Amino acid sequence: SALVGDYLSPLVASQIAHYFSQFSFEIVDDTLLVYFVSRYPLSDQLDHMVKAGVWLADEIEKTRQTNPFAS
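The text that follows walks through the structure, step by step, so that each part is easy to find. Note on numbering: residues in each chain are counted from 1, in written sequence order. Totals for whole chains, interfaces and linings use every residue, but because this is a predicted model, local features are given only for residues with pLDDT of at least 70 and side-chain atom pairs only at 80 or more, for both listing and counting. Side-chain metrics rest on all non-hydrogen atoms present in the structure, leaving aside hydrogens and water.

Here the focus is the packing of aromatic side chains. Think of it this way: a Phe, Tyr or Trp ring, Trp meaning its six-membered ring, pairs with another when their centres are within 6.5 Å, and the plane angle makes it stacked under 30 degrees, edge-to-face over 60, tilted otherwise. In the structure shown here, the tally under the stated rule is five aromatic pairs. Centre to centre, the rings of Phe 20 and Phe 23 are 6.4 Å apart; their planes meet at 35 degrees, and the pair counts as tilted. Neither residue differs from the other here; Phe 20 and Phe 23 are each classed as buried. Here the aromatic rings of Phe 20 and Trp 55 are separated by 5.4 Å at their centres, their planes lie at 40 degrees, and the arrangement is tilted. Of this pair, Phe 20 sits in the loop between helix H1 (10–19) and strand S1 (24–28) while Trp 55 is found in helix H2 (residues 43–66), placing the two residues 35 residues apart along the sequence. The buried label goes to any residue with under 20% of its type's maximum accessible area, the exposed label to any with over 50%, and the partly exposed label to all in between, with areas taken from a 1.4 Å probe on protein chains only. Owing to a relative accessible area of 10%, Phe 20 belongs among the buried residues under this scheme. Of the residues examined, Trp 55 reaches a relative accessible area of 23% and is grouped as partly exposed. Each residue in the set Tyr 19, Phe 20, Phe 23, Phe 25, Phe 36 and Trp 55 is aromatic and connected to the rest through ring pairs, giving one cluster. Helix numbering and strand numbering both begin at the N terminus, where a helix is a DSSP run of H or I of at least 4 residues and a strand a DSSP run of E of at least 2.

Next comes the structure, spelled out in structure tokens:
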């Protein structure tokens, strides 16, 4: 697995810390995993989690397109 931080600019890392600090992220076999610890997550929490994953996947793709040698 890769560290998500290997793909992030300082700005994106800052945005994650500010907007998505309740989630954990991991990349396994080119798949972005988003974790949220909750026995019974609410619908709005799940929605926020999906939005975080879509946003971060897009940011990682941008990084890979501009720097193909990124981890």
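The discussion continues.
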